[in-house]
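Here is what each chain is made of, one letter per residue.
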Amino acid sequence: MAGYRELLQQVKSEIDEIAASEARERSDALFLDVREQDEWDEGTVPGAVHVPRGQLESRIEGLVPDRARELVVYCAGGSRSAFAAKSLADLGYENVVSLAGGFTDWKRNGFEVATPQTLSPEQRARYSRHLLIPEVGEGGQQKLLASRVLLIGAGGLGSPAALYLAAAGVGTLGIVDADVVDDSNLQRQIIHSTERIGEAKVLSAKRTIEALNPDVEVKAYEERLTSENVERILGEGWDAIVDGADNFPTRYLVNDASVWHDIPVVHGSIYRFEGQATVFKPREGPCYRCLFPQPPPPELAPSCAEGGVLGVLPGIVGSLQANETLKLLLGIGDTLQGRLLLIDALATSFDEVTVKRDPGCPVCGEHPTITDYIDYVEFCASATPRSAAAPAGRSPAPPPPDGAPGSRGTGA
Ligand SMILES: [Zn+2]
């Protein structure tokens, strides 16, 4: 009976082997990596397809249906790939060679090596409950880690949204807020704490997020969003914007900028016991101005003192915003695009109304009349009844952005 060495010699005599330098010239060939997962993770021939040796026979027909396809099979040193090449020939593949010396020799020649994006053992543990869901999985988790989300406001809505997005492993979170933590914030703004009173909200949020998940990079913008800085901040490139603004000028600025930059906005607003959430995806659905073309004039805004909000309500709405954002990033499920969700915390009821894109919209319509940024004068939000959030967009004034009376920041 032949030993391993004899068997290997026998197999190698029945297949074709090529050197790394020759393999590199075969630009049309498909490189098939038959090594184990941990070897693959360390680096591969660029463009190679991974099929561990143990799964080769069962998976190859699905991966390479064309048996005339030129294949270069490789492993670490050229032995496993020799056996693999023999098996492939037995399966009817006509154009198979084994890479002599394997990936080791490829690297020794100084040829290009690709490092596949994979999760570290720590990340596999951290995100294990995501990896167990087929709709997320490893590919989805990598998408989240590569995603960039801009949060307008580190307040009531921004707190839960930022915390859940950070926990989920969204790799880059930008946060825009000019405020400092105030003791009246702590009733609802759970990303901050008593010891942070007086500290810039963006820095407080950054500290909390970094303690929660070191995978997340926080870009802190300690400034109020204005027509002066909106291009600079949005120009850094974002996959989605979470709008947690507490004032109309910022809301309209975010809307117009997002339409022009083609970035989806996950919208949330809160007032007393009532919340709203929707998704504005430029060109595909309505924008904020399709619903509310203009902010109400300042003189019509009743007293700021009427503002107020149940502390948990932004937790509900901000969490919904995080949910919508994750779906947008992963490309799964049905978002709230075209639907305005109305939340009544007193009744514990969720209603929704259909919202449509308005062809006459001053920003995203067929003949836009607003083509540059407008800095509206800041004013306090009024106690607009919920019915005023008219789905048909005929409401003279939008509902108040949030229940923070007289706040000058962007964090609800
Ligand atoms: Zn519009």
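Residues numbered from 1 in each chain as written. Predicted model: local features only at pLDDT ≥ 70, side-chain atom pairs only at ≥ 80, totals over all residues. Heavy atoms only, no water.

### A word on the sheet that holds strand β5 (residues 96–99)
At step 1: If you walk across this open sheet you meet the five strands as β1-β5-β4-β2-β3, and the pairing is parallel. Looking along the sheet, the strands with just one partner apiece sit at the ends: β1 (16–18) and β3 (49–50).
At step 2: In terms of strand pairing, strand β4 (residues 71–74) meets β5 through three bridges, oriented parallel. Residue pairing in the sheet places Val73 in a bridge with Ser98 of β5. (Pairing = 2+ DSSP bridges. Helix = DSSP H or I, 4+ residues; strand = E, 2+ residues; numbered from the N terminus.)

### Some words on a nonpolar patch on the surface
At step 1: On the surface, Phe273, Leu310, Val312, Ile316, Leu346 and Phe350 cluster together into a nonpolar patch covering about 540 Å² of accessible area.
At step 2: Within the secondary structure layout, Leu310 lies in the loop between α14 (288–291) and α15 (313–330).
At step 3: Leu310 gets classed as partly exposed once you look at its relative accessible area, which sits at 37%. (Patch = residues over 30% accessible without salt bridge, like charges linked within 9 Å, V, L, I, M, F, W, Y side chains within 5 Å. Areas by Shrake-Rupley, 256 points an atom, 1.4 Å probe, with all protein chains shown as cover. Salt bridge = Lys/Arg side-chain N within 4 Å of Asp/Glu carboxyl O. Buried < 20%, exposed > 50% of the residue type's maximum accessible area, 1.4 Å probe, protein only.)

### Some words on the packing of aromatic side chains
At step 1: Tallied over the full model, the rule gives ten aromatic pairs.
At step 2: Among the aromatic residues, those joined into a cluster by ring pairs are Tyr252, Phe280, Tyr288, Phe292 and Tyr376.
At step 3: Here the guanidinium or amino end of Arg35 rests over the ring plane of Phe103, the centre of that ring lying 4.5 Å away.
At step 4: Over the face of the ring belonging to Trp238 we find Arg148, whose NZ or CZ atom lies 4.4 Å from the ring centre. (Phe/Tyr/Trp six-rings, centres within 6.5 Å; stacked < 30°, edge-to-face > 60°. Lys NZ or Arg CZ within 6 Å of the ring centre and 35° of its normal.)

### Description of the coordination of the zinc ion
At step 1: With distances of 2.3 Å, the protein atoms coordinating the zinc ion are Cys287 (SG), Cys290 (SG), Cys361 (SG) and Cys364 (SG).
At step 2: Each of the four donor atoms bound to the zinc ion contributes to angles spanning 93 to 122°, and the resulting shape is tetrahedral.
At step 3: In primary-sequence terms, the residues that donate to the zinc ion follow C-x2-C-x70-C-x2-C. You can see Cys290 sitting in helix α14 and its partner Cys364 sitting in the segment after β13 (349–354), a full 74 residues away along the chain. For the pair Cys290 and Cys364, one class covers both residues: buried. (Donors = N, O, S within 2.8 Å, 3.2 Å for Na, K, Ca; no water. Tetrahedral: all angles 85-135°; square planar, octahedral: opposite > 155°, others 65-115°.)

### Digging into the pattern of salt bridges
At step 1: One pass over the structure, following the stated rule, counts 23 salt bridges.
At step 2: One salt bridge in this structure joins Arg53 and Glu57, with 3.0 Å as the shortest N-O distance.
At step 3: Arg67 is the salt-bridge partner of Glu61, the closest N and O atoms lying 2.5 Å from each other.
At step 4: The class for Glu61 is partly exposed, based on a relative accessible area of 41%.
At step 5: Classification of Arg67 by relative accessible area gives partly exposed; the value is 27%.
At step 6: Via salt bridges that share partners, Glu195, Arg196, Glu199 and Arg207 belong to a single interconnected network.

### Some points on the environment of Glu94
At step 1: With respect to the secondary-structure elements, Glu94 resides in the loop between α5 (80–90) and β5.
At step 2: The class of Glu94 is exposed, set by a relative accessible area of 64%.
At step 3: A C-alpha to C-alpha distance of 5.5 Å links Glu94 and Ala68, two positions 26 residues apart in sequence.
At step 4: Apart from residues no more than four positions distant in its own chain, Glu94 is found in contact with Arg67 and Ala68. (Contact = heavy atoms within 4.5 Å.)

### Digging into the nonpolar core
At step 1: Leu150, Ile152, Val176, Leu225, Val230, Leu234 and Ile241 are the most contacted members of the largest nonpolar core, which totals 34 residues.
At step 2: Taken together, the elements giving at least two residues each to this core come down to β6 (148–152), α12 (230–234), α13 (248–261), α14 and β12 (339–344).
At step 3: In terms of residue count, the dominant contributor to this core is α13 (six residues).
At step 4: If we skip the residues at most four places from it in the chain, Ile241 touches Leu150, Ile152, Leu234, Val254, Ser258, Ile263, Pro264, Val265 and Val266.
At step 5: Core analysis: the second largest hydrophobic core is formed by 26 residues, Val202, Ala205, Val218 and Leu329 among them. (Core = buried A, V, L, I, M, F, W, Y, C linked by side-chain atoms within 4.5 Å.)

### Some points on the packing of helix α10 (residues 158–168) against helix α11 (residues 201–212)
At step 1: Between α10 and α11, the shortest axis-to-axis distance is 9 Å and the interhelical angle comes to 30°. As the angle between them shows, α10 and α11 are arranged roughly parallel. Between α10 and α11 the crossing geometry is right-handed. In contact with Ala162, Leu163, Ala166 and Ala167 of α10, α11 contributes Thr208, Ile209 and Leu212. (Axes fitted to C-alpha atoms, helices over the stretch in contact; angles between N-to-C directions. Parallel < 35°, antiparallel > 145°, perpendicular 65-115°, else oblique. Left-handed = near helix turned anticlockwise from the far one by under 90°.)

### Here we look at the sheet that holds β6
At step 1: Spatially, β8-β7-β6-β9-β10-β11-β12-β13 is the arrangement adopted by the eight strands of the open sheet, whose pairing is mixed. Only two strands of the sheet have a single neighbouring strand rather than two, namely β8 (217–221) and β13. Between one strand axis and the next, the sheet turns through 15° on average, direction left out of account.
At step 2: Of the strand pairs in this sheet, strand β11 (residues 274–280) and β12 are connected by four bridges, and their pairing is antiparallel. Looking across to β12, one finds that Gln276 is bridged to Leu342.
At step 3: Taken strand by strand, α11 contacts β7 (172–176) and β8, and its axis lies near 175° from that of β8.
At step 4: Helix-sheet contacts for α15 involve β6, β9 (240–243), β10 (265–271), β11, β12 and β13, and the interaxial angle to β10 is about 170°.

### Some remarks on the pairing of β6
At step 1: When you tally the buried positions in β6, you get four out of five residues, the bulk of the element.
At step 2: Pairing geometry for β6 and β7, over five bridges, is parallel. Note that in β7 the partner of Ile152 across the bridge is Val176.
At step 3: In this view, the connection linking β6 to its parallel neighbour β7 by way of α10 has right-handed handedness. (Right-handed = clockwise from strand over helix to strand, strands pointing away.)

Honestly, it's all geometry; don't read function into it.
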